[in-house]
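Now for the letters of each chain:
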Amino acid sequence: MCEVCKAEGDDYLFKNGPKKLLTTSNLYKVFKNAIAPIRLCHIHSIELFHLGERRFLHDHIFFARNLATRSKSQTAGDDSPFGI
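Every value quoted in this text rests on a predicted model; they were computed, and no experiment measured them.

K.L.:
Residue-level account of the nonpolar core, with values.
P.N.:
Residues Cys-2, Leu-27, Leu-40, Leu-57, Phe-63 and Leu-67 are the most contacted members of the largest nonpolar core, which totals 18 residues. Once you skip the residues sitting within four places of it in the chain, Leu-67 turns out to touch Leu-27, Val-30, Phe-31, Ile-38 and Leu-57.

As structure tokens, this is what we get:
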């Protein structure tokens, strides 16, 4: 399932059609010294390409919050995981 559609409560098969596959994309500028791999549907992968990482995360704030909590559970440190 598309991580953005899951965070926003959308049905990704209805938005993309049954033939569209999920792609794995990487976010490079979100975390400090780390790459965040994410699974996106066709529509959200195109949107990420057009908007860029920062605007994409700004437009999909629920997904950004889920991504931040996922990072906190993986790393236990005093520094903020965001390099912004």
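K.L.:
Any chance you could break down the side chain of His-60 for me, citing the residues and the numbers?
P.N.:
Assignment of secondary structure puts His-60 in the loop between helix H4 (53-59) and helix H5 (61-74). Setting aside anything within four residues of it in sequence, one finds His-60 in contact with Val-4, Glu-8, His-44 and Glu-47.

K.L.:
So what's going on with the environment of Ala-34? Residues and values would help.
P.N.:
Turning to its location among the elements, Ala-34 is positioned in the loop between strand S1 (23-27) and strand S2 (36-40). Once residues lying within four places of it in the same chain are set aside, the contact partners of Ala-34 are Leu-27 and Tyr-28.

K.L.:
How would you summarise the side chain of His-44 if you had to cite specific residues and measurements?
P.N.:
Summarising the element assignment, His-44 is placed in helix H3 (residues 42-51). With a relative accessible area of 1%, His-44 lands in the buried category. Those residues in contact with His-44 that lie beyond four places of it in its chain are Cys-2, Val-4, Cys-5, Lys-15, Phe-56 and His-60.

K.L.:
Can you explain the pattern of salt bridges? Please cite residues and give values.
P.N.:
Per the counting criterion, the structure on display carries 1 salt bridge. Residue Lys-15 is joined to Asp-10 by a salt bridge in which the shortest nitrogen-to-oxygen separation is 3.6 Å. Its relative accessible area of 28% is what places Asp-10 among the partly exposed residues.

K.L.:
Any chance you could break down the packing of aromatic side chains for me, citing the residues and the numbers?
P.N.:
Taken as a whole, this structure holds 1 aromatic pair when the rule is applied. Aromatic pair Phe-56 and Phe-63: ring centres 6.4 Å apart, planes at 70 degrees, arrangement edge-to-face. Taken as a pair, Phe-56 and Phe-63 share a single burial class, namely buried.

How each quantity is defined
Residues numbered from 1 in each chain as written. Predicted model: local features only at pLDDT ≥ 70, side-chain atom pairs only at ≥ 80, totals over all residues. Heavy atoms only, no water. Core = buried A, V, L, I, M, F, W, Y, C linked by side-chain atoms within 4.5 Å. Buried < 20%, exposed > 50% of the residue type's maximum accessible area, 1.4 Å probe, protein only. Contact = heavy atoms within 4.5 Å. Helix = DSSP H or I, 4+ residues; strand = E, 2+ residues; numbered from the N terminus. Salt bridge = Lys/Arg side-chain N within 4 Å of Asp/Glu carboxyl O. Phe/Tyr/Trp six-rings, centres within 6.5 Å; stacked < 30°, edge-to-face > 60°.

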